[in-house]
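Chain residues, written in single-letter form:
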Amino acid sequence: MTTSLLLIILPAIAILLIVTARYRKHYKKKILRRSRETWAIGIYEGHSPVELHPPTAITNPVLTAKDITDISARFVADPFMIKTVSGYHLFFEVLNNKNNRGEIAYAFSRNGIAWRYCQVVLRERFHLSYPYLFMAEENYYMIPECMGSGGIQLYRAVHFPDQWQHLTTLVQGKDRLAALVDPSVIHYRNRWYLFSYSLKSKNLHLFTSETITGPWKEHPKSPVVCNSPNFARPGGRVTLYNGFIYRYAQDEIPNYGTNVWAFRITELTENTYSEEPAREQPVLQPGDEWWNRDGMHTVDPFQRENGEWFALVDGFSIVRQQSKH
């Protein structure tokens, strides 16, 4: 082997080793933090979808990992609900202890307060979370966050609520800047709009389509939020209220999942977009109880018949490490 060739190969090997070591360190840190997190699902209530607080007549949390009966679960998070004539149907991420992978599970309630866990309804070879649930044209759809699949995936219920089939890929992305995280959709004035987050750039991207199955194209104003770990990442259902659209953003500063902010979308068309903060304070923030003392990061709001609002939310606490003497 010539000296010139060695001068090319050896630096390349060194760079590869450095990159590999950094990835392993980051991965170990992520796994350690996840092993110490305890996520649970609760209920908040309020006068509007951006003014929510702990309830007075409900004991939170309403669902924890201890309620999961068909797998060994580390935690539950990312609640999304839909109401039918039979009752309330809740879908959420459950982290499987065996393979350290997120799966989508399901619970049922007659009154929206007391929940009965049923089963895991969707698992894949990649991590699943954030099961954004909605109904369109008499079909039940789900867009879970599954960045590991290399795209934003659409599922349709072939038998609601327990059988789901992959329908199509809405947006593909293989590079590091791809916006595949926590996709959140809304149908507004005969068009579909989809928000999704890029972990690398901290940008919020916006896509639009005439139909839910596509073709989807990136909005001319996308990314609509740039380089913002505070306000870009979706944090729940995009909601219509009093003639405006509200989107939720989960705050990753100082730590992932600390708060949820609300933004009022003042203009949304095929070619235009503008928004403003809905309030000066977060909609969700760390609470006073064991299950949400370190942060909250997902909100799914619904309006009751009396005009008041309630929301399925999640929160977490981190097990403190014992100091060594």
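Each chain has its residues counted from 1, following the order in which its sequence is written. Local features in a predicted model are, by the rule used here, given only for residues with pLDDT of at least 70; side-chain atom pairs are given and counted only at 80 or more, and totals for whole chains, interfaces and linings are based on all residues. Neither water nor hydrogens contribute to the side-chain values; these are computed over all heavy atoms in the structure.

S.K.: Give me the overall build of the protein chain: which residues, what numbers.
M.R.: Across its full length, the protein chain carries 1 helix and 20 strands. Think of it in three bands: with a 1.4 Å probe and only protein chains considered, a residue is buried below 20% of the maximum accessible area for its type, exposed above 50%, and partly exposed in between. For the protein chain, with 325 residues in total, the buried portion stands at 55%. Of the contacts formed within the protein chain by residues at least 6 apart in sequence, a portion of 49% connects residues at least 24 apart. The numbering of helices and of strands both runs from the N terminus, where a helix is a DSSP run of H or I of at least 4 residues and a strand a run of E of at least 2. Any pair of residues with heavy atoms lying within 4.5 Å of one another is described as a contacting pair.

S.K.: Please set out the environment of Val225 residue by residue, giving values where relevant.
M.R.: Position of Val225 relative to the elements: it lies in the loop between strand E14 (217-218) and strand E15 (239-241). Here the alpha-carbon distance between Val225 and Glu275, two residues 50 residues apart in the chain, equals 9.8 Å. Apart from the residues within four sequence positions on either side, Val225 is in contact with Lys202, Asn203, Leu204, Phe231, Ala232, Arg247 and Glu275.

S.K.: Describe empty space enclosed by the protein, naming the residues involved and giving the relevant values.
M.R.: Method remark: on a 1 Å grid restricted to protein atoms, a set of points is classed as a cavity if a 1.4 Å probe fits but cannot get out and as a pocket if it is open with protein on both sides within 12 Å along at least five of seven lines; lining residues have an atom within 4 Å of a point. Grid points are joined across faces, edges and corners, and a volume is the space filled by probe spheres set on the points. Taken as a whole, this structure holds 1 cavity of 30 Å³ or more when the rule is applied. Of the voids in this model, the largest cavity is the one considered here, and its volume is about 50 Å³. What lines the largest cavity is Ser184, Phe195, Leu204, Pro234, Gly235, Gly236, Val238, Arg247 and Tyr248.

S.K.: Mind laying out the confidence of the model for the protein chain, listing which residues take part and the relevant values?
M.R.: Interpretation of this model should avoid reading the predicted coordinates in detail wherever pLDDT is low. Summary of the metric used: pLDDT quantifies the predictor's per-residue confidence within the range 0 to 100. Looking at the protein chain, the pLDDT average stands at 91 and 87% of residues meet or exceed 70. For residues 19-23, every residue scores under 50 in pLDDT, and the model assigns this stretch 0 contacts once sequence neighbours within four places are set aside. In the model, residues 25-33 has pLDDT below 50 throughout and makes 7 contacts with residues more than four positions away in sequence or in other chains.

S.K.: Lay out the sheet that holds strand E6 (residues 116-122) with the relevant residues and their values.
M.R.: Overall, antiparallel pairing links the 4 strands, which are arranged E3-E4-E5-E6 in an open sheet. With one partner strand each, in any of the chains shown, strand E3 (73-84) and E6 form the two edges of the open sheet. Geometrically, the sheet is characterised by an average inter-axis angle of 30 degrees between neighbouring strands, direction not taken into account. Relative to strand E5 (residues 101-109), strand E4 (residues 87-96) runs antiparallel, the two being bridged by 9 bridges. Paired with His89 across the strands is Phe108, a residue of E5. Two strands pair if DSSP finds at least two bridges between them. Inter-axis angles, ranging from 0 to 180 degrees, are taken between N-to-C directions of lines fitted to C-alpha atoms, where helices are fitted over the stretch in contact.

S.K.: So what's going on with the nonpolar core? Which residues, and what values?
M.R.: Phe91, Phe134 and Trp164 are the most contacted members of the largest nonpolar core, which totals 52 residues. Counting 23 residues, the second-largest nonpolar core is a separate cluster that includes Val76, Met81, Ala107 and Val120. In this text, buried Ala, Val, Leu, Ile, Met, Phe, Trp, Tyr and Cys residues form a nonpolar core when linked through side-chain atoms within 4.5 Å.

S.K.: So what about the environment of Glu137? Which residues, and what values?
M.R.: Residue placement: Glu137 occurs in the loop between strand E7 (129-136) and strand E8 (139-145). When its relative accessible area of 72% is taken as the criterion, Glu137 is described as exposed. Taking the C-alpha atoms as reference, Glu137 lies 10.0 Å from Ile212; in sequence the two are 75 residues apart.

S.K.: Break down the pairing of strand E9 (residues 151-159) for me, with residues and values.
M.R.: Two strands pair when backbone bridges link them, and E8 and E9 are joined in this way by 2 bridges, in the antiparallel orientation. From the neighbouring strand, Met142 faces E9, where its bridge partner is Tyr155. Hairpin remark: E8 followed by E9, antiparallel, with 5 residues in the connecting loop; positive phi at Gly150, about 85 degrees. Here E9 runs beside strand E10 (residues 163-172); their pairing, made up of 8 bridges, is antiparallel. In the sheet register, His159 faces E10, and the bridge partner there is Gln163. Linking two consecutive strands that pair antiparallel, namely E9 and E10, is a turn of 3 residues.

S.K.: For the sheet that holds E8, give the residues involved together with the corresponding values.
M.R.: Reading across the sheet, the 4 strands line up as E7-E8-E9-E10 and stay open at both edges, with antiparallel pairing between neighbours. Two strands bound the open sheet, and with one partner strand each, they are E7 and E10. On average, each strand axis in the sheet is inclined to that of its neighbour by 25 degrees, with strand direction left out of account.

S.K.: I'd like to hear about the side chain of Asp78, residue by residue, with values.
M.R.: By the element assignment, Asp78 lies in strand E3. Under the counting rule used here, the positive set is Lys and Arg, the negative set is Asp and Glu, and His together with the chain ends is not counted. For salt bridges, the criterion is a side-chain nitrogen of Lys or Arg within 4 Å of an Asp or Glu carboxyl oxygen. Salt bridges are absent for the buried Asp78, whose nearest opposite-charge side chain, Arg233, sits at 7.1 Å. Setting aside residues up to four positions removed in sequence, Asp78 forms contacts with Phe91, Phe92, Glu93, Ser129, Tyr130, Pro131, His297, Thr298 and Asp314.

S.K.: Go over the pattern of salt bridges, please, and point to the residues and values.
M.R.: When charged atoms on two side chains of opposite charge get close, those side chains can pair. Following the criterion strictly, the structure yields 10 salt bridges and no others. Residue Lys217 is joined to Glu270 by a salt bridge in which the shortest nitrogen-to-oxygen separation is 3.0 Å. Of this pair, Lys217 sits in strand E14 while Glu270 is found in the loop between strand E17 (259-268) and strand E18 (273-277), placing the two residues 53 residues apart along the sequence. Salt-bridge contacts for Arg247 lead to Glu275; the nearest nitrogen and oxygen are separated by 2.8 Å. Highlighted residues: Arg247 in strand E16 (residues 244-251) and Glu275 in strand E18, separated in sequence by 28 residues. Under the relative-accessibility criterion, Glu275 is labelled partly exposed at 24%. One continuous salt-bridge network, built from bridges that share partners, spans Asp182, Lys202, Arg233 and Glu252.

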